[in-house]
Amino acid sequence: MTGPSPFIRLEDVRKSFGAVRALQGVDLSCSAGECIGLVGHNGAGKSTLMNLLAGVFGAEGRMAIDGEDVGGRHTVASAQAQGIRCVFQELSLCPNLTVAENARVMHRALKGFGWRKRAGALITAKLDQVFPGHGIGASDIVGDLPIARRQMVEIARAFTVTDAPARLVILDEPTSSLDAHQASQLLAYVRRFVAEGGAVVLISHLLGEILAAADRVVVMKDGRVVAERPASEFTRSSLVAAMGTVAREEAEERAAVTGRRGGDAPTRVRARAAAGGVDLIAHRGEIVGLAGLGGQGQSEMLIRIFDAARRTVPGITVEGGSALVAGDRQTDGVFPLWSIAENITITSLNRLKRGILIDSGKTDAMAEDWKARIGIRTPDIHNPILSLSGGNQQKALFARALGSTAETVLMDDPMRGVDIGTKQEVYGMIRAEAERGRTFLWYTTEMDELKHCDHVYVFRDQRIVADLSRAELTEERVLHASFEEVA
Amino acid sequence: MRLTARQLRTLLPALSLVVLLAAIFYLQPRAMSYVGFNLMLNLAIPIALATVAQMCVITVNDLDLSIGTYVGFVACVGATLLSGGMGALPVVKELQASGALPATLPWIMQTPLVGVVALVFGIAVYAALGALIHWRNLPSIVVTLGMSFVWLGLSVLILPVPGGQAPAFLRSLMTLKPAYIPFPIIAAIVIAILANLLLMHTSYGAVLRGAGGNPKAIERAGWSLLKVKMTMFALAGFFGMLAGLSLVGLTTSGDANIALRYTLLSIAGVILGGGEFVGGRISPVGAVIGAVTLTLAGSFLSFMRISPDWQIGAQGAILIIVLAARTLIDRAERRR
């Protein structure tokens, strides 16, 4: 596309994880001497694409390096030998090792007598080059460094060169922990690296960074590339517009739903986000959405509200108890060795006792009741929970929360990996429970789910940055608030 | 100020050893002599080696519950196969007595090489365990707990009743009397330096420890975690073998149950020496000091005239005191 022979070319690349199609036919080429900005909402497929380039896993489709097809033979080791380096979003340094030892872990050539000294000199020289005045010593233990310095070490390490060259460096949210000065140092270095003939793929939620550093911007949505143009042809708002597509049809659809935010309904939850901002307020019978990009403090907020129902948490008041529906079913949700009935009744056991013992008649009655009400597809509620499909397991978790006496139900992105049919059933159930006076706080990264909410708060950087009523809610507005930058 | 807390933490194992030594010398000034040190620290050598073995496994976030019976197995092999070949096995001797085997055995039944093969087999089994734990993603506690019964069974097969005889070279090595400095002290220093070089100073050692700190990062950097696990378990098998051989050199005869206590002692030694169960944070020098401290704790309690029945409990109390001190330091560090 840009040069005669691109360094890397992907053609019609597809990748699925179970039922989730992360990449649905992506074409991308990347040449020496250019910086590609990669943007997109959560789950657009950016990280999958990056792992693919790094050789973490393979995918269907063609992938060529230097014009040579490497499909199927691309591994972490061969990617490294070809000079592809990655800075992953979650830090991939070993916290128990020193800065120099972490450099050694990446470079096989650093061995033999005096390796420690050479590794230290290598990483310190690169740190001096990228982040002048960094204040990091080669013998510092990484775990003792503050997060910004750890990220600096990780970035500098990706650019260090021993036996294999650094030809393509992929930076996934490299500035998320850096301050403005360090971020500008990095972007300046990226430009110098590109000018010297290197290639960079920059993934960032900070659109200003992308527009400033990239030559070409690639916009992804739902596992596809939806726009690809020189950075100079994009503006902030045209980028945001490219990320969302269905902004238009919504207006009519929305008119039908009247906002039910009654001024007279009693307040159930009032909470202040960790970093301040607007207060979150939820009334009786309301469905409140917590939106924004992933990991901007929504889950933390739900957990703090959950805690506040049991003990005093400053800045948060909750009336009438709360129950949580976990998003990560496998780690936070189900008791994998228990039956469906046991999983449903666990939070309500206090009401299902006879003396000090569990009354199995009462627990079975409750489980049967919820099985019927919520439509859990199983011949017997005493079957193990893992005999259910993912969607039905999630239904059991909903039954657990709804079956409790809690007036407020907190939902931490509960629909992850649930099929569309089950989703519709659960949406209907949430509606019905809300009519009956329950309050729902719903963290979701899916735009479609926000449409079921009466009110939406957008989170960025641990704070609420937008407070949208049902009538004001559009995908564009949510995206704008999610990506907004400090001027 | 933050640095001093870290330094204090690193110095804690050495400090506890000094405090313990001071207390012993106060109670029994005559212990401060060549003979005294020899007597008190003799058994520290096998314990220190077993502790280093345990540390190798803890580095990669696993735990070895079979190290005690493994050391016992090595001791039994040392007291029989390694000194007199298969001819030294009680089973073979019985067969000879009943006339099923001739009085003079062929060369293959007498060569101590069989013992060497058995020891290499032990290390190979350890490496295979590491591979198994990594491949099948099994909890190491379960695998090694099972293995502890296997080692014990093998030991009983080799030596149904305590007996056998340690090879002469082991006995003479363990009873060396160098001038001025008692042998156990030299041995402990050599073990500490070797283990430190191996894990803290070689370039592959950094990768091995990194696998405990962030296995994903090591994998993404293109290293084989399988190889790392196998290396660490094989190292554990190697140091465990040295522990068993030094133990049989001291006791001169073998016994399947000789080292059952080593499993817990070695874990305690690693932790006492500043290591942590997860995260690859270890200190080879600290581990050796920890093992010596635990050994001396026994002597100290004897000097206090505390009955042996209470000694294990008292050792536990010492462990709790040192770990409490460490937690206090950590907390002070975090508050800053």
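Since this is a predicted model, take the numbers as computed values, not measurements. (Residues numbered from 1 in each chain as written. Chains lettered and ligands numbered in written order. Predicted model: local features only at pLDDT ≥ 70, side-chain atom pairs only at ≥ 80, totals over all residues. Heavy atoms only, no water.)

A. View of the packing of aromatic side chains. Overall, the coordinates contain 13 aromatic pairs over all chains when judged by the stated rule. Centre to centre, the rings of Tyr 189 of chain A and Phe 193 of chain A are 6.4 Å apart; their planes meet at 25 degrees, and the pair counts as stacked. Of the two residues, Tyr 189 of chain A and Phe 193 of chain A are both situated in helix H6 (residues 180-195); the distance of four residues between them amounts to about one turn of the helix. Owing to a relative accessible area of 4%, Tyr 189 of chain A belongs among the buried residues under this scheme. By relative accessible area, Phe 193 of chain A is classed as buried at 8%. For the pair Tyr 70 of chain B and Phe 73 of chain B, a centre-to-centre distance of 6.4 Å together with 25 degrees between the ring planes defines the contact as stacked. Residue Tyr 70 of chain B and its partner Phe 73 of chain B are located together in helix H4 (residues 67-79), separated by three residues, close to a single helical turn. Since its relative accessible area comes to 0%, Tyr 70 of chain B is described here as buried. Of the residues examined, Phe 73 of chain B reaches a relative accessible area of 5% and is grouped as buried. The lysine or arginine in question, Arg 373 of chain A, covers the ring of Trp 370 of chain A, its NZ or CZ lying 4.1 Å from the ring centre. (Phe/Tyr/Trp six-rings, centres within 6.5 Å; stacked < 30°, edge-to-face > 60°. Helix = DSSP H or I, 4+ residues; strand = E, 2+ residues; numbered from the N terminus. Buried < 20%, exposed > 50% of the residue type's maximum accessible area, 1.4 Å probe, protein only. Lys NZ or Arg CZ within 6 Å of the ring centre and 35° of its normal.)

B. Here's a closer look at helix H13 (residues 360-374) of chain A. Residues and elements named next belong to chain A. Over its 15 residues, H13 extends 21 Å from the first C-alpha to the last, a length consistent with the 21 Å expected when each residue adds 1.5 Å. Every buried residue belonging to H13 is among Thr 363, Met 366, Ala 367, Trp 370, Lys 371 and Ile 374, and all of these are buried. Each buried residue of H13 sits inside an arc of 135 degrees when the element is viewed along its axis, so together they form one side. Considering only its buried residues, H13 is in contact with helix H12 (340-345), strand S17 (357-358), helix H14 (390-402) and helix H15 (420-435). Just downstream of H13 lies Gly 375, where phi reads positive at about 70 degrees. (Expected span 1.5 Å × (residues − 1). Arc of directions from axis to C-beta. Contact = heavy atoms within 4.5 Å.)

C. Main features of the packing of helix H8 (residues 113-135) of chain B against helix H9 (residues 140-158) of chain B. Residues and elements named next belong to chain B. For the pair H8 and H9, the least separation of the axes is 10 Å and the interaxial angle reads 155 degrees. Considering their axes alone, H8 and H9 lie roughly antiparallel with respect to each other. Considering only the axes of H8 and H9, their crossing is right-handed. Taken together, the residues of H9 that come into contact with H8 (itself represented by Gly 122, Val 125, Tyr 126, Leu 129, Leu 132 and Ile 133) are Ser 140, Val 143, Met 147 and Trp 151. Its residues assigned to classes, the contact of H8 with H9 comprises eight nonpolar, two polar and no charged. (Axes fitted to C-alpha atoms, helices over the stretch in contact; angles between N-to-C directions. Parallel < 35°, antiparallel > 145°, perpendicular 65-115°, else oblique. Left-handed = near helix turned anticlockwise from the far one by under 90°. Nonpolar A, V, L, I, M, F, W, Y, C, P; charged D, E, K, R; others polar.)

D. A look at the pairing of strand S11 (residues 267-272) of chain A. All names here are of chain A. For S11 and strand S12 (residues 279-283), the ladder comprises five bridges, and the chain directions are antiparallel. Bridging across to S12, Ala 271 finds its partner in Leu 280. For S11 and strand S14 (residues 316-318), the ladder comprises three bridges, and the chain directions are antiparallel. Within S14, the residue paired with Arg 270 across the bridge is Thr 317. (Pairing = 2+ DSSP bridges.)

E. View of the sheet that holds S12 of chain A. All names here are of chain A. Judged by pairing direction, the sheet is antiparallel, and its three strands sit side by side in the order S12-S11-S14 without closing on themselves. The strands lining the two open edges of the sheet, one partner per strand, are S12 and S14. Strand-to-strand, the axes of this sheet are offset by a mean angle of 15 degrees, without reference to chain direction.

F. Geometry of the side chain of Asn 51 of chain A. Topologically, Asn 51 of chain A is positioned in helix H1 (residues 46-54). Not counting residues within four places of it along the chain, the set of residues in contact with Asn 51 of chain A comprises Val 56, Phe 57 and Phe 88 of chain A together with Arg 220 of chain B.

G. Summary view of helix H4 (residues 115-130) of chain A. Here H4 of chain A contains 16 residues, and its C-alpha end-to-end distance of 23 Å stays within 8% of the 22 Å for a straight helix at 1.5 Å per residue. Within the span of H4 of chain A, buried status applies to Trp 115, Ala 119, Gly 120, Ile 123, Lys 126, Leu 127 and Val 130 of chain A. Viewed along the axis of H4 of chain A, the buried residues span an arc of 140 degrees, placing them on a single side of the element. Buried-residue contacts for H4 of chain A involve helix H3 (99-106), helix H5 (147-159) and H6 of chain A together with helix H11 (183-201) and helix H12 (203-213) of chain B.

It is worth stressing that arrangement in space is one thing and function is another; only the former is reported here.
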